[in-house]
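Coordinate inspection notes
Spelled out, the chains give:
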Amino acid sequence: MSSKKDQVEAIIFGALEALNAERAPDEQLAISADTRLFGPDAVLDSLSLVSVMVDVETMASDEFGRAISLTDDRAMSQTPVPFTSVRALSAYIEELLGE
Amino acid sequence: MRATLEGEFVRLRPLEVTDAEMTLGWRTSQRAAHLNAGSQTLDEQARWIASRPESEYNFVIELRDGRPVGMVSVTGLDERHGTCEPGRFLIGDEAAVRGTPAAVESMKLIYELVFERLGLRRIHGTIVSENTLMIKWQKFLGMREEGRMRQHFFVNGRYQDCVIFGMLADEFRRDALPRMKALIAAGRAVRTTAPDE
């Protein structure tokens, strides 16, 4: 049985794979826990970042049976910003699910 | 001459005929596959830019260091009804804007132009149904899906639905603007290099 951390990470990977499905072969994202999503050395522009966050919200709600919001003021105003990397986003979602 | 719109990460400056080669490259790239077909030659693109009516606002999106990265427009401006259609939004140089809120700030500048400076009360637009990236983006920015015209567009070799979106001025101020400001603030928080002013 996979841990919640693994489940959350799999959801984020799934959202990034969905994004890859819409991108050209030479624009494919390298996906790992260390993938940078926002800020210096990030692989996404803000348009793609929004797409990933919206997909993660939907998939996490389906998986865990409760709504989470990554696009509200709380998420956006966290310090440090919770969507700088897959790892940071995963940790933030785990925190939300633990509340 | 249209004014330049100044933001923290980007500025929107008027589109010029000398931008024809650059914008043609963006419009004919894979990233523009979901948009309606436009000019196919440099001459066509230059003539298209030169023929833009005074009623339209057509901008090139530039980073604060002057690098052009995309384009966006406001068309269909109707002062009687207080409406217009923001569109032709395209990030042509995605690599240059990775990790930054350039795209969201560009749209914030456009929405502030139409709602605050021009005093319009409603914006609307259409998106090809398979352009899911843009549909999610517009919903995040506060646009609401208002309808759908079935098999209305012929894009990418097949008929696709036309999804109709709209947003009212008070929805922009209440829902969209705080979200845009928050994402821009997040971009500020993760930035390591200061803006050029």
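Refer to the structure printed above.
It should be emphasised that the depicted structure is a prediction, and the values quoted were computed from it without experimental measurement. (Residues numbered from 1 in each chain as written. Chains lettered and ligands numbered in written order. Predicted model: local features only at pLDDT ≥ 70, side-chain atom pairs only at ≥ 80, totals over all residues. Heavy atoms only, no water.)

Time to look at the interface of chain A and chain B. Taken together, the contacts link 26 residues of chain A with 28 residues of chain B. If you sort the residues of chain A by the area they bury against chain B, A:Asp45, A:Leu47 and A:Met76 come out on top, with a joint share of 26%. Inspection of the chain A/chain B interface yields two salt bridges. The shortest N-O distance in the salt bridge between B:Glu94 and A:Arg23 comes to 3.1 Å. Our enumeration of links across chain A and chain B arrives at eight residue pairs in polar contact (both at pLDDT 80 or more). Only helix H2 (46-64) and helix H3 (73-76) of chain A provide two or more residues apiece to the side of chain A that touches chain B. (Contact = heavy atoms within 4.5 Å. Buried area = accessible area lost by both parts, 1.4 Å probe. Salt bridge = Lys/Arg side-chain N within 4 Å of Asp/Glu carboxyl O. Polar contact = N/O pair within 3.5 Å; in protein donor to acceptor, adjacent residues only side chain to side chain. Helix = DSSP H or I, 4+ residues; strand = E, 2+ residues; numbered from the N terminus.)

Next up on the list: the pairing of strand E7 (residues 144-155) of chain B. Residues and elements named next belong to chain B. Of the strand pairs in this sheet, E7 and strand E8 (residues 158-168) are connected by eight bridges, and their pairing is antiparallel. Across the sheet, residue Met149 finds its bridge partner in E8, namely Cys162. Counting the residues between successive antiparallel strands, the hairpin from E7 to E8 contains two residues, one of them, Asn156, with a positive phi of roughly 55 degrees. (Pairing = 2+ DSSP bridges.)

Bringing the pairing of E8(B) into the picture now. Note that strand E6 (residues 122-128) of chain B and E8(B) share seven bridges and pair antiparallel. Of the residues in E8(B), the one forming a bridge with B:Gly125 is B:Phe165.

Let us look at helix H5 (residues 132-140) of chain B. Residue and element names in this part refer to chain B. Within H5, seven of the nine residues are buried, which leaves it mostly tucked inside the rest of the structure. Listed as buried for H5 are Leu133, Met134, Ile135, Lys136, Trp137, Gln138 and Phe140. Residue Gly142 follows H5 closely and has a positive phi angle near 105 degrees. (Buried < 20%, exposed > 50% of the residue type's maximum accessible area, 1.4 Å probe, protein only.)

All names here are of chain B. With respect to the secondary-structure elements, Gln45 resides in helix H2 (residues 42-50). Residue class for Gln45 comes out buried when judged on its relative accessible area of 3%. With residues up to four places along the chain from it excluded, the contact list for Gln45 reads Ala20, Thr23, Leu24 and Ser39.

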